[in-house]
Every structure is written in structure tokens, then in C-alpha cells.
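As a plain string of letters, each chain reads:
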Amino acid sequence: MRPPRWLPLVGLLFFSLIPSQLCQICKVSATDSRRLEPLINTMLKARYTKGIQDANVLLTLRLVGIKNQSLEQQLSQQIKEDINSREMELTSGQLALGILALGACENPDEEFIRGAHLVSKLGDKFQAEIQNMETHDGNPLTNYYQLSLALLALCLFNGSYSITDVTYYFTPENKNYYFEDQFSVDTGAVAVLALTCVQRNKMQKKTEASTEDKIKNYTATLADKIQSEGKQGLLGNTFSTGEAMQALFVSSDYYKSETNCQETLRTVFYNISQKAFFPPISAAQILPALMGKTYLDVTNSSCSHNPVKFNISPEKPGAVMPTTAPLNISVKYSVRINETSQTEVTVRNGSVFLDVMKAAQEKNETLFRFTVEETSWGPYVTSVQGIKANTCDRTFWKLLSNGQPLGQGAGSYVVQNGENLEVRWSNY
Ligand code: CBY
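Small disclaimer: the values here were computed from a predicted structure and weren't measured.

Draft legend 1. Representation of the sheet that holds strand S9 (residues 387-388) within the structure. As summarised here, the arrangement of the three strands in space is S7-S8-S9, forming an open sheet in which the pairing is antiparallel. On the outer flanks of this sheet lie strand S7 (370-375) and S9, each paired with one strand and no other. The pairing of S7 with strand S8 (residues 378-384) spans six bridges and is classified as antiparallel. Within S8, the residue paired with Val372 across the bridge is Val381. Running over the sheet, helix H15 (residues 353-363) touches S7 and S8 and is turned about 155° from S7.

As C-alpha cells, then:
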């Protein structure tokens, strides 16, 4: 018996459906989108005063299509003023984020980017990072997270960079992807995005096949390293997962598995419900991936289509629990260089690491004095006892609790009664 004539048509239909199924990105479904509201609230309700350090928030608002004209205007104004007044001092990563935010999704700020020649200035900063590596034992002026942001912005906005430098410096073996032998998922993720952009560009511009193969290998190896840092749905930790998801969207089949996708989303929803995403930059870094976007979409013509509508509800006042917790708590605090100086301090319940450092400093200025610098993640401890962290020597003050490095900064980490806190002079 002959097969019916319509059978090949059914087959064709079947096959044409499979690829679109496979290409579906791991993102939050429409029914679950209300679970993202706390992230959007965090971004919309914050007070922004940090100039270009808030560029990540503007980038996300534009990339995911959250329309809030007054906030968008305020952030864009603030970033432009900061660029105008401190252009020389800005680091490569700061300027790169500024360009990505101002240039995202076809908007009038593009004129500012052109007028102020920001892309070629970023090219100079990228070059200065490479020169520093040449003269300082392979150490850049900042770090590879920033170099990767710079390469990404140069690639997306048609800046110039040397492909020979890229193949030389971005090999996955480079020490700058690691902090104290630990692979930095955040860094690897942005590098994957940047290298994917370079790879796509090169395919149009006809580079040598061997260069293209090298870059493909780099992205594949970096994506493998990111996947191997997967634990209970997270990639690295809570704060690296968003950018790591973006990297895997563009470079691997990892999220084509529905199981991996659901596991990540479940864990992220749980963390959102635990109010883990604070400060606003942490919300800004995870939201694009949850909405199926990557930083590579910044220059897509479809970027600003489909603005999203969210119900931004006024914060529900949290139920006030009758509490028997003590008003004050007591913690140990030590500074370790070669030897350890220890003290015990009493602080208010709910205090953060920084409050403990302040209390110790008040007790003994000589042993416990310290300085901080404001960053988009909050205060970064730059010196203790007058000893300054130095990027060129890869030294920093590491924060620990009960001997374990903290996953949050001094301004965010809430301390508990009886905890053993430490700042330790370290190399990365
Ligand atoms: N941004 C940057 O240049 C920062 C890049 C980044 C990879 C960043 C994490 C990732 C991100 N998504 O933004 C980064 N951290 C770097 C490069 C560094 C190094 C800074 C060196 C330099 N000057 O370039 C260094 C020294 C290794 C480092 N981070 C130290 C620390 C500790 C800070 C302690 C201090 N002295 O104040 C600390 C607290 C780890 C520790 N236990 O000591 C730390 N980092 C943490 C926890 C973090 C995460 C913050 C999470 C949070 N909720 O606060 C982080 C998101 C981040 C910021 N670091 Co670093 C990583 C993570 O947990 N996923 C570009 C610029 C334009 O903005």
C-alpha cells in the first residue's frame, strides 16, 4: 500500500517544529513573571547618586524594556555628567558599562556617545590595560571582568581592538580568570559574551580560520568551566548566576535541557523570596537572563520592542514579628596580616560587617583603623592599619566569617551573635 500523499507534509511540519522548540531560551514564563516584581521594585525604588556606577541599572531597564521615563532620564543624565567631569579617571569597565547603557536599544543618548568619542576613548583604556599587563607581570590595571566588558562594548559599538591581543590574552588558562585558584564565574561569563561577539563579527569580516577556531575553543572551554561551577541550580553563586546564564545561552546547550532551566529558576525564585537581591546592581545583573535577554541584544534592532508591563505594587509592610532577640549582640573581630590582632565588640542586632569594623576602630584606632571606597556593590575595604590593597600586586583585604570567605561585601553581610569575623591580608 502506498503511503498517503500528505505524510511528507506532516513530517516537514514536525521537523520545522523541533528546532524552534530547541531554540527556546530558558526564561521566566508569563505566568511566573510576577515573581520578578521584587527585583524590579528594588531597581525602581532605589535612590541613585553614584553617577556611572549605576550604569548597570540603566542598561537593564532598557534591555528588558521596563519603561520608566523619569528614572531613565535621571540615570542617563547622571552618567553623562560623570563621564564629562571625570572621563580620565573612569576605569575601562565603568566606561564600557556607560557605553552599553547609553547605547542600549536605539535611543537619543547614542548622539552623546558619538559626540564625546566614547568608543575610541574606550579603545585607549583597553589598550592601557594591555600595556599594563605587558609591564606588570600579566596584571591589568583593573581586572578581567572589566577587560571583558570593555571588549564587549568595543565589539558591539564598532570600536577597534587587536584580534591578536584578544587571542593572546583571553585564553582560558590566563591567571586573571582566577582569584586564589578559584575560577571567577562572573569574569568567565562576561568574557564568553565578549568573545562570542568577536567571533560573530569575525565571521562577517573573514579572519583566518585558525583565529576563529581558537576563539570558538575559548568560549567552549570557558562555558564548560562555568557549567562545572553549577550547584543546586546556581552557577557560581547567587550573584554570578544571571550573567553566567547569559553566557550559556549564547555558547552552549546547557539550558536546552528543561531540567537545568527549571532547577535554576526554582533556586533563583527562592533567593528572590529571601530578599537576596540587594543592592540594585544585583537585581540588574540577573534580570536580563530571567527575561531571556543577553548583553549581545543591546544593539539588536528588536531590542526595545515588547516593553514589559509590571504591576509595581507599593511594598507590603512586612509582618512585625514579636521578637525575643537581644538588642545587642557580641562578636569577635580580628585583623590578620602575619600575626592576628583580635578584639570583641558589641553591636546592635542586625548590624553589618562594616558596623563591626567601625566599633573595633573606635576601641583601638591603631590596630583597627580602615578605609573604604564606594562601589556599585557597596563599600569595598581598601586599607586596614594603613596597608593598602593594590590591583597591580593582586593584593586585597579578604572578609571571612568563622574562617570561610564571605559571599557578600562589608556593607551587606549581616553578622550574628558569637560569630568570628576576620579581615585577612591576601593575594588573589
Ligand atoms: N566590576 C568589577 O570590577 C568587579 C568584578 C568582580 C568579578 C565582581 C565580584 C563580579 C560582579 N558581578 O560584579 C569582582 N568581584 C572582583 C574583580 C574582585 C576583585 C577586585 C580587584 C580589583 N580592584 O579589580 C577582588 C579583590 C578579588 C574582589 N572582587 C574582592 C572581593 C571581596 C571584597 C572585600 C573587601 N576588601 O571589601 C569580597 C567581599 C570577597 C571576600 N570574601 O573577601 C567580594 N569581592 C565579593 C563578595 C564580591 C561579590 C559581591 C556580592 C555582594 N552581594 O556583595 C561579587 C558580585 C563581586 C562584586 N565581589 Co569581588 C562576586 C560574586 O559573589 N558573584 C566592574 C565595575 C565597573 O563595576
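From this point, the narrative continues.
Draft legend 2. Looking closely at empty space enclosed by the protein. This structure, assessed with the given rule, holds one cavity of 30 Å³ or more. Here the largest cavity is characterised by a volume of approximately 60 Å³. Lining the largest cavity, in full, are Asn139, Pro140, Thr142, Asn143, Tyr144, Asn176, Phe179, Thr391, Arg394 and Tyr428. When grouped by side-chain class, the residues that make up the lining of the largest cavity number four nonpolar, five polar and one charged.

Draft legend 3. Region of interest: the packing of helix H3 (residues 55-64) against helix H4 (residues 69-86). Remark: H3 packs on H4, axes separated minimally by 10 Å, with the N-to-C direction vectors making an angle of 140°. Taken together, the axis directions place H3 and H4 in an arrangement best described as oblique. For H3 against H4, the interelement crossing comes out left-handed. For the pair formed by H3 and H4, the contact residues are Ala55, Val57, Leu58, Leu61 and Arg62 on the first element and Leu71, Glu72, Leu75, Ser76 and Ile79 on the second. Here the residues of the contact of H3 with H4 are counted per class, giving seven nonpolar, one polar and two charged.

What counts and how
Residues numbered from 1 in each chain as written. Predicted model: local features only at pLDDT ≥ 70, side-chain atom pairs only at ≥ 80, totals over all residues. Heavy atoms only, no water. Pairing = 2+ DSSP bridges. Helix = DSSP H or I, 4+ residues; strand = E, 2+ residues; numbered from the N terminus. Contact = heavy atoms within 4.5 Å. Axes fitted to C-alpha atoms, helices over the stretch in contact; angles between N-to-C directions. 1 Å grid on protein atoms, 1.4 Å probe; cavity = no way out; pocket = protein on both sides within 12 Å on 5 of 7 lines; lining within 4 Å. Points joined across faces, edges and corners; volume = space filled by probe spheres on them. Nonpolar A, V, L, I, M, F, W, Y, C, P; charged D, E, K, R; others polar. Parallel < 35°, antiparallel > 145°, perpendicular 65-115°, else oblique. Left-handed = near helix turned anticlockwise from the far one by under 90°.

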